[in-house]
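Residues per chain are reported as follows:
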Amino acid sequence: MEDKNFGLNDIVEMKKQHPCGTNRWKIIRMGADIRIKCEGCGHSVMLPRREFARKLKKTLVKHEE
C-alpha cells in the first residue's frame, strides 16, 4: 500500500498530473479544505480534504520540522 499520510509543507504526487506537465505539489494549507501548489508553474488549487485524500497517489517528500 502507498503512504497516504500527509502534512503541511509535504511534497505529494496526485493521480493526475497538472496540465503544465509537473506532478509535484506542495501542501500549503490544511483544514477542512487543503490548498496545494504546483511545484512547476506555481498554480494553487483548493480541494476538500475528502476529495484530496481520494486523488492523492503518494507522499514524495515529508517536511521535517
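Since the structure is predicted, the reported quantities are computational estimates derived from the model, not experimental observations. (Residues numbered from 1 in each chain as written. Predicted model: local features only at pLDDT ≥ 70, side-chain atom pairs only at ≥ 80, totals over all residues. Heavy atoms only, no water.)

(A) Up close: the state of the cysteines. Applying the stated criterion to the full structure yields zero disulfides. Free cysteine Cys38: the closest other cysteine sulfur is in Cys20, separated by 3.6 Å. Residue Cys38 is classed as buried on the basis of its relative accessible area, which comes to 3%. Cys41 takes part in no disulfide bond, and the closest cysteine sulfur to it belongs to Cys38, at a distance of 3.9 Å. For Cys41, a relative accessible area of 46% corresponds to the partly exposed category. (Disulfide = S-S within 2.5 Å. Buried < 20%, exposed > 50% of the residue type's maximum accessible area, 1.4 Å probe, protein only.)

(B) Representation of the side chain of Asn23 in the model. Within the fold, Asn23 resides in the loop between β1 (11–14) and β2 (25–29). Looking at Asn23, its side chain comes within polar contact range of the main-chain oxygen of Met14, at 2.9 Å. (Helix = DSSP H or I, 4+ residues; strand = E, 2+ residues; numbered from the N terminus. Polar contact = N/O pair within 3.5 Å; in protein donor to acceptor, adjacent residues only side chain to side chain.)

(C) Spatial organisation of the sheet that holds strand β3 (residues 33–38). Sheet architecture is open: five strands sit in the order β4-β3-β2-β1-β5, paired in antiparallel fashion. Every other strand in the sheet has two partners, leaving β4 (44–48) and β5 (56–61) as the edge strands with one partner each. Pairs of neighbouring strands in the sheet enclose a mean axial angle of 40°, with direction left out of account. Relative to β3, β2 runs antiparallel, the two sharing four bridges. When the bridges of β3 are listed, Lys26 appears paired with Lys37. (Pairing = 2+ DSSP bridges. Axes fitted to C-alpha atoms, helices over the stretch in contact; angles between N-to-C directions.)

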